[in-house]
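Each chain, written out:
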Amino acid sequence: MALLSLQEVSIRFGGPWLLEGATLNIERGERVCLLGRNGEGKSTLLNLAAGRLAPDAGEVVRARDLSVAMMPQVVPADLAGTVLDAVGRGVRDQPAAWRRETQARQVISRMGLEAAADCAALSGGMKRRVLLAQALAGEPDVLLLDEPTNHLDVEAIEWMEGFLSRVSGAILFVTHDRAFLRRLATRIVELDRGRLRSWDCPYDQYLERKAAALEDEERQAAVFDKKLAQEEAWLRRGVKARRTRNEGRVRELMKLRAERAARRDPGGRVQAVLQEAGRSGYKVIAATGLGRAWGGRWLFRRLNVEINRGDKVGILGPNGCGKSTLIRVLLGREAPDEGRVEHGTRLEIAYFDQLREALDETRTVFDSVADGNEFVTVNGRRRHVIGYLEEFLFSPERARSPVRVLSGGERSRLLLAKLFAQPVNVLVLDEPTNDLDIETLELIESLLVEYAGTVLLVSHDRQFLNEVVTSTLVFEGGGAVNEYPGGYDDWLAQRKAPAADAAPEIPAPPPSASARPRKRSNRERRELQEIPETLAALEAELDGLHRAMAQADFYRGPPADIQAATARSAEIPREMDRLYARWAELERAD
């Protein structure tokens, strides 16, 4: 008997059916990956399975005494207290307090967490680890995971893969990380136009079978549409209604019309094209002895790299190591603390930033693409903006919407549309895969592979790196950034094993010649002690703002709240910069 079963379940929220007569069985020990395009209803299905939503029709059947736990896609704002407190809340059906604490501590130990750590002070990746521990603490029979790898770096993703592969209960999860999917899933279930279809095969075989199924569906639809067109033409020629045979034919035509109206064709696909500017000079960017310090430590130092026309360079490293800073220094948007950067000639650069700051919240989707112009020119062809946006899955109505109401996936597609509307020969992409479904990821991959220009790419998506880049710059600790030919798997094969004793950290930049050591005052000593706590509070506040702003319904709220949150999210990094500078200044005093 199945642990959990969706039986002819239907649900919608005012629009098309997200689930329409859907059936799904989850058996003990299975690890089922739920696939589907953005907006198809994957998170809705998980919430139905968790009992957080009730279906409009059908039922969700659970085995007797079944325990279900869910790790949500977004870290909740109320994740507070110590790690032990948070994980303990996941222990159910255990009346004795000491048993609950013992069970929570066992999970915390297995997952490499610190029981006494303050949840509010943790990084986004560690908070997701706490949420997973909370879900596992009750030893659930079925574990539900919604995009568990979001905002995790590669090391954390690989740790999670190994951990989940040893979990004894059943797992139903949603992900766009294909490497994660391949390693973890024992079965694939696809949500497409309200229906569920199970594929009991590996991911690559699923892709082949799905393509064949879509071709078969297209052939059947073409036969149906041809018959309908013939019957419509017959009706237009006139009907002798008194004849029973003709009356029956009209009734059959009415049935065909109703069937065609009920048919849900596959949704559109992003049809982006990259247009190239004239060729740049052969040398694009050359860095010599490059170094950048932050908060009293080197993010990178003594970096020598030359990027030439046509190179596709990946940048890899843990969260917070300085990948985005390196890009800004290489582009000349930030000054290095040592070394120099030289740019080649005839560079036309487009920058896809991680925080999507190139999008103006107050403008419409339409105005964002071509600065209010009605037409764009793509590869020499003049296109109306509405038609161009439809290729990025924006309907004419959605194209008139303000940017502030867009979901995360829509924002990523809009920024791609904006970038691809301009001819460039250097494309810089900082975490472009966030919030995009697998189908769109694969399209962007193929475009970048065929692109003759130069690409700088920051990503934690291992397959994306493998498919696109020709070399990889890897942050490997202590300010060292090393270059390797090939993508992620090539780096794994070439990297050196860590030394038994870690090399000492490279010292921070020396004070300028004009700075003289002096004794700190009592006030300055107190200030120095308070700065780390203030920085941690600002990081937590910024993390909370980013979580809130990533919600689709956030931008439907009061305009004053949206404006305040947007302004604050831009102000906090500047406050942190000032604190880091002050910290370094106080550290130099005796």
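See the structure shown above.
So, here is what we can say about the structure in this document. (Residues numbered from 1 in each chain as written. Predicted model: local features only at pLDDT ≥ 70, side-chain atom pairs only at ≥ 80, totals over all residues. Heavy atoms only, no water.)

This part is about the sheet that holds strand 13 (residues 338-343). Two modes of strand pairing occur in sheets, parallel and antiparallel, and in both the strands are linked by backbone hydrogen bonds. Pairing is antiparallel in the open sheet, where three strands are placed in the order 11-10-13. Each edge of the sheet is formed by a strand with only one pairing partner; in this case those strands are strand 11 (297-308) and strand 13. Sheet twist, expressed as the average angle between the axes of neighbouring strands with direction ignored, equals 15°. As defined by bridge partners, strand 10 (residues 283-294) adjoins strand 13 across five bridges and the pair is classed as antiparallel. (Pairing = 2+ DSSP bridges. Helix = DSSP H or I, 4+ residues; strand = E, 2+ residues; numbered from the N terminus. Axes fitted to C-alpha atoms, helices over the stretch in contact; angles between N-to-C directions.)

Let us look at unusual backbone geometry. Positive phi, close to 60°, is recorded for D65, a residue that is not glycine. Structurally, D65 can be placed in the loop between strand 4 (57-62) and strand 5 (68-71).

As for its position among the elements, T175 is in the loop between strand 7 (170-174) and helix 6 (178-184). Not counting the four nearest positions on each side in its chain, T175 is found in contact with C33, L34, L35, E147, T149, F180, L181 and I438. (Contact = heavy atoms within 4.5 Å.)

Okay, the pairing of strand 16 (residues 381-384) next. Two elements, strand 15 (residues 375-378) and strand 16, share four bridges in a ladder whose sense is antiparallel. Of the residues in strand 16, the one forming a bridge with T377 is R382. The hairpin turn running from strand 15 into strand 16, its antiparallel successor, is two residues long, and N379 in that turn takes a positive phi close to 50°.

Evaluation of the coordinates by the stated rule reveals 21 salt bridges. Among the ionic pairs, R462 bridges to E158, the shortest N-O distance being 3.8 Å. Of this pair, R462 sits in helix 15 (residues 462-468) while E158 is found in helix 5 (residues 154-164), placing the two residues 304 residues apart along the sequence. A relative accessible area of 6% means that R462 is categorised as buried. Look at E158 and you get partly exposed, because its relative accessible area is 30%. Sharing partners across several salt bridges, the network here consists of E158, E161, D177, R183 and R462. (Salt bridge = Lys/Arg side-chain N within 4 Å of Asp/Glu carboxyl O. Buried < 20%, exposed > 50% of the residue type's maximum accessible area, 1.4 Å probe, protein only.)

Helical geometry note: an α-helix holds 3.6 residues per turn, so side chains three or four residues apart project in the same direction. Most of helix 1 (residues 42-50) sits out of view: seven of its nine residues are buried. Residues of helix 1 that are buried include every one of K42, T44, L45, L46, N47, L48 and A49, and no others. Downstream of helix 1 by a residue or two, G51 has a phi angle that is positive, lying close to 85°.

Attention shifts here to the sheet that holds strand 17 (residues 426-430). With mixed pairing, the six strands of this open sheet are ordered in space as 14-17-18-12-19-20. Strands at the two margins of the open sheet, each flanked by one partner only, are strand 14 (349-352) and strand 20 (481-485). Geometrically, the sheet is characterised by an average inter-axis angle of 15° between neighbouring strands, direction not taken into account. Relative to strand 17, strand 14 is paired through four bridges, and the arrangement is parallel. In the strand pairing of strand 17, I349 is matched with V426. Contacting strand 12 (312-316), strand 14, strand 17, strand 18 (454-458) and strand 19 (471-475), helix 9 (residues 323-330) crosses the sheet at an angle of about 140° to strand 12.

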